[in-house]
Every structure is written in structure tokens, then in C-alpha cells.
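Residue-level structure breakdown
The primary structure of each chain is shown beneath.
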Amino acid sequence: MTKLSTLDQDGNISSPSKIADRLMSYFYASDFSQSTALYGDIISLPAIIQKNSNNPDQVVSDISSGLTTLFLPFFDSVNFDVTYEIDNQNTGLNIRSRYNIKVYGSMSKDGVDHNLANLLAITNKQLSKVSELEV
């Protein structure tokens, strides 16, 4: 059984749905340079957004590949469908500075399917809000 080791009171997590939730929270909050041992190898949403500035096409591509890489060690199969929509309330000069990303993930562990869905609001190169979507 694959486990995710944590440094908090949860210790080793073995529930696939809890592993998926924890991996997503790590992805949203991690800094790609937070570790000297793994410098630059940490998969991080803030780093993806910063690296791709106002290019949502590349952001969604990098999110999909990054999440696949992050989840594969813990699941038998993973698939992420990531899309974006420009926020129709853009009033500034750069309309691509504010957009929403929909992340739909499906993963399988020992023949059991697990799903997740999040809506990410990106404003001025930063994650401003995370909401759960119906799966």
C-alpha cells in the first residue's frame, strides 16, 4: 500500500482520497525553491503561474503535466483535464491577467476510482481563490 508521509499530526496517509486532497494542497501552496535538496524540482502552481505570466494556454498545459507527475507515484493511473476561461469582468489593459482554471482529475488505485474538481481564480499572476466543483 502506498502512503504519503507528512510532517504533521496525520503522519502517514494511506487513504487515496486523502492523499489526493493533500497533494492538491501541496501543489497550491508549495514554492518551487523551498528545498535546497530538491531545488527547482518541486511541482508548484505559484511557480507555473509566475513562469508563464499571462499565458493561460501554457499554464493549463503545465498544470496538467505537473499534476500527472505529482500523482503517478501514489496512483495506478491518473488523468487531468485542465481548461481556462478569461474572466469576463476584466476591465484593465491586459485581459489575460485575470482568468479561471478548471481542474478535473481522475485517478485509480487498486481498481477504485477517485475524482476531484477545483476552480482556480488567477488574478495578476497569483492564485486568488480555490473552490471545489461538482465532479
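Residues numbered from 1 in each chain as written. Predicted model: local features only at pLDDT ≥ 70, side-chain atom pairs only at ≥ 80, totals over all residues. Heavy atoms only, no water.

Helix and strand content of the protein: three helices and six strands. Shown N-terminal to C-terminal, the secondary structure of the protein runs as helices and strands in the order β-β-α-α-α-β-β-β-β. Taking all 135 residues of the protein together, the buried fraction comes to 36%. The contacts in the protein between residues at least 6 apart in sequence include a share of 39% that link residues at least 24 apart. Looking at the protein as shown, the accessible area adds up to about 7,900 Å², and 47% of this sits on carbon and sulfur atoms. (Helix = DSSP H or I, 4+ residues; strand = E, 2+ residues; numbered from the N terminus. Buried < 20%, exposed > 50% of the residue type's maximum accessible area, 1.4 Å probe, protein only. Contact = heavy atoms within 4.5 Å. Areas by Shrake-Rupley, 256 points an atom, 1.4 Å probe, with all protein chains shown as cover.)

The next subject is the pairing of strand β5 (residues 112–123). Strand direction decides the pairing type here: strand β4 (residues 98–109) and β5, joined by twelve bridges, are antiparallel. Paired with serine 106 across the strands is asparagine 115, a residue of β5. Linking β4 to β5, which pair antiparallel, is a turn of two residues; within it aspartate 110 sits at a positive phi near 55°. Both β5 and strand β6 (residues 126–132) contribute to a ladder of six bridges, which runs antiparallel. When the bridges of β6 are listed, leucine 119 appears paired with serine 131. Counted along the chain from β5 to the antiparallel partner β6, the turn is two residues long, and its residue asparagine 124 has a positive phi close to 50°. (Pairing = 2+ DSSP bridges.)

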